[in-house]
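One-letter residues, chain by chain:
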Amino acid sequence: MMVAAFAAAVALVAPVPSFRHVVVVVFENHERSEIVGNRSAPTFAALARRGATLTGYDAVSHPSLPNYLALVSGSTHGISDDCTSCIVNGPSLADTLAATGRTWKTYAEGLPRAGFTGASAGDYAKKHDPFLYFRNVLARPAWLGRVVPFGRLARDVAARRLPDFALVVPNLCNDMHDCSVATGDMWLRRNIVPLLSAPALAGGVVFVVFDEGQSDAGGGGNVEALALGPTVIPGAVSHQPTGHYGLLRTIEQAWRLPLLGHSAHELPITGIWR
């Protein structure tokens, strides 16, 4: 209770903007030290100067899936591996967004078709697509249909149909899981940099994070994390301890959503907003 009261007090002093859109892009398996200063990551360096850097961002666990679940629901739900047939009975952002009339989508690169629930397809992996694990999503065809192939993102941006919340999941190569830092950096430059100046992102923010690192810092490694877009102070640096739960709390704080799981015990990310 004391933590929750303190979080509420801090939020009143340093509020989070009421974003028009939140986009979260998730890369894979690199510590912050592997990205910062790496000559193979010039786009990350340029975006750090253009946006805000969150140096205290730690993942929560290993391997991938628990981190993705934490990011959208505030809990790992006791899952400690990359299972593909497990189902989560608890709520997620899909529930809280829908209950407040907000929209969401996952844009997953390599996904064969909207609502595909298979374990893999080429360079696509379900373990990086967290909403597909929630029973409430699986039970609703309309919600399941919001998990769409990545190519839909460009169309939605061009048509100014970007949802309130968008989770962007590169494939196993472009997210640096199977391929190099240079490959992921190029993907970021080609696909996310144009979004930052798109009219569809007005009043919005793009978070670029990694699911986990190689160490156990904070539970899953200290990873590179950036906040980008028109609501961010250029060049801002936050050393605030945070992570997937803190990012979730920031989204919830911005939109006055019910707090999910461990996000209730985290502070929202502050000090970087215009």
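Since the structure is predicted, the reported quantities are computational estimates derived from the model, not experimental observations. (Residues numbered from 1 in each chain as written. Predicted model: local features only at pLDDT ≥ 70, side-chain atom pairs only at ≥ 80, totals over all residues. Heavy atoms only, no water.)

A. Just the state of the cysteines, in detail. In total, this model carries 2 disulfides according to the counting rule given. What pairs with cysteine 83 in a disulfide is cysteine 86, and their sulfur atoms sit 1.8 Å apart. The sign of the S-S torsion, about 75°, decides the handedness of the disulfide formed by cysteine 83 and cysteine 86: right-handed. Summarising the burial analysis for this pair, cysteine 83 and cysteine 86 share the class buried. The residue that forms a disulfide with cysteine 173 is cysteine 179, at a sulfur-sulfur distance of 2.1 Å. Its S-S torsion of about -110° marks the bond between cysteine 173 and cysteine 179 as left-handed, since a negative value means left-handed. In the protein chain, the bonded cysteines, numbered by position in the sequence, are linked as 1-2, 3-4. (Disulfide = S-S within 2.5 Å. Buried < 20%, exposed > 50% of the residue type's maximum accessible area, 1.4 Å probe, protein only.)

B. Quick peek at the sheet that holds strand E2 (residues 52-54). The 8 strands lie next to each other as E7-E4-E8-E1-E9-E10-E2-E11, forming an open sheet whose pairing is mixed. Of all the strands in the sheet, the pair left with one neighbour each is strand E7 (147-149) and strand E11 (237-238). Relative to strand E9 (residues 205-210), strand E1 (residues 22-27) runs parallel, the two being bridged by 6 bridges. The residue of E9 that forms the bridge with phenylalanine 27 is phenylalanine 210. (Pairing = 2+ DSSP bridges. Helix = DSSP H or I, 4+ residues; strand = E, 2+ residues; numbered from the N terminus.)

C. Representation of the pattern of salt bridges within the structure. Under the definition given, this model contains 5 salt bridges. Measuring nitrogen to oxygen at the nearest pair gives 3.7 Å for the salt bridge that ties arginine 102 to aspartate 164. On the criterion of sequence distance, the pair formed by arginine 102 in the loop between helix H5 (93-99) and strand E4 (104-108) and aspartate 164 in the loop between helix H8 (152-158) and strand E8 (165-169) is long-range, its members being 62 residues apart. Overall, arginine 102 belongs to the partly exposed group, its relative accessible area being 23%. Taking the shortest distance from any N to any O, the salt bridge between arginine 161 and aspartate 156 comes out at 3.9 Å. The exposure class assigned to arginine 161 is exposed, which follows from its relative accessible area of 54%. Among the residues examined, aspartate 156 registers a relative accessible area of 5% and is labelled buried. Via salt bridges that share partners, Lys105, Asp156 and Arg161 belong to a single interconnected network. (Salt bridge = Lys/Arg side-chain N within 4 Å of Asp/Glu carboxyl O.)

D. Representation of the side chain of serine 238. Structurally, serine 238 can be placed in strand E11. Beyond its immediate stretch of four places on either side in the chain, serine 238 contacts Thr53, Leu54, Thr55, Gly56, Thr270 and Ile272. (Contact = heavy atoms within 4.5 Å.)

E. Spotlight on the packing of aromatic side chains. The final tally for this structure, using the stated rule, is 10 aromatic pairs. Summarising the aromatic geometry, the rings of phenylalanine 27 and tryptophan 187 are spaced 5.9 Å apart at their centres and angled 85° between planes, so their arrangement reads as edge-to-face. Separated by 160 residues along the polypeptide, phenylalanine 27 in strand E1 and tryptophan 187 in helix H9 (residues 181-191) bring together distant segments of the chain. Neither phenylalanine 27 nor tryptophan 187 differs from the other in exposure class; each is buried. Where tryptophan 104 meets phenylalanine 131, the ring centres are 4.5 Å apart and the plane angle is 35°; that geometry is what we call tilted. Residue tryptophan 104 is located in strand E4, and its partner phenylalanine 131 is located in the loop between strand E6 (124-125) and helix H6 (135-138); the two are separated by 27 residues in the primary sequence. (Phe/Tyr/Trp six-rings, centres within 6.5 Å; stacked < 30°, edge-to-face > 60°.)

F. Seen up close, the pairing of E9. Counting buried residues along E9, 6 of its 6 residues qualify, which places the element largely inside the surrounding structure. Because side chains alternate across E9, one face comprises the buried residues Val205, Phe207 and Val209, and the other comprises Val206, Val208 and Phe210, equally buried. In the sheet, E9 pairs with strand E10 (residues 226-228) via 3 bridges, with the strands oriented antiparallel. Looking at E10, one finds that valine 208 is bridged to leucine 226.

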